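Each chain, written out:
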Amino acid sequence: MPKFTHIENDRAQMVDISGKGEVVREATAAGKIFLRPETLKAIREGTVVKGNVLATARVAATLAVKNTASIIPMCHPIPISSISVDFTDGDGYIEAVVVVKMTGRTGVEMEALTGVSVALLTVWDMVKSAEKDSAGQYPVTAITDIRVVEKKKGK
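Residues numbered from 1 in each chain as written. Predicted model: local features only at pLDDT ≥ 70, side-chain atom pairs only at ≥ 80, totals over all residues. Heavy atoms only, no water.

Some words on the packing of aromatic side chains
Aromatic rings in a pair are described by how distant their centres are and how their planes are angled relative to each other.
Working step 1: For the structure shown, the criterion picks out two aromatic pairs.
Working step 2: Ring centres of F34 and Y93 lie 5.2 Å apart, and the angle between their planes is 55°; on these two criteria the pair is classed as tilted. Of this pair, F34 sits in strand β3 (residues 23–34) while Y93 sits in strand β5 (residues 93–104), placing them 59 residues apart in sequence.
Working step 3: What makes F34 partly exposed here is its relative accessible area of 26%.
Working step 4: Its relative accessible area of 19% is what places Y93 among the buried residues.
Working step 5: Taking the centre distance of 5.3 Å and the plane angle of 70° together, the rings of W124 and Y138 count as edge-to-face. Remark: Y138 occurs in the loop between α4 (109–131) and β6 (142–153) and W124 occurs in helix α4; sequence separation between them is 14 residues. (Phe/Tyr/Trp six-rings, centres within 6.5 Å; stacked < 30°, edge-to-face > 60°. Helix = DSSP H or I, 4+ residues; strand = E, 2+ residues; numbered from the N terminus. Buried < 20%, exposed > 50% of the residue type's maximum accessible area, 1.4 Å probe, protein only.)

Next comes the structure, spelled out in structure tokens:
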């Protein structure tokens, strides 16, 4: 049976990491947002009414990584060393990749996942007017495949 470290006696708790040594840690997370072809073209050409979509999403992801402990209750506030946020075009989608590094006593997976999630949500927010159909629905727009791609501990 799996062990859930954030649960003790049926109560949620922050795990005690004081006995762990500090080590370099890195996590890479990724996810996709599917958009209409016209929306993808507008993002590439820089013609989205709200402004530079990917630059805004990059800033939003960075802020999200830095504030993960404020929004996920059992995450420790950690000293982030670096954050990189990149975007690639796919067939009908944009993929966001966030890499977070730090030296400390706990991992950075949640920070990387939060960064990807907020980056993709920001893209959606920036283009939602173009993505809606005549009924105000989003028949194409979807955020998928948010995952940890790789986790590293130590050098």
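Quick notes on the confidence of the model for the protein chain
Working step 1: Summing up the model confidence of the protein chain, the mean pLDDT is 93 and the portion of residues at 70 or higher is 98%.
Working step 2: Ranking the elements of the protein chain by mean pLDDT puts strand β1 (residues 7–8) last with 68 and helix α2 (residues 53–66) first with 98. (pLDDT = per-residue confidence, 0-100.)

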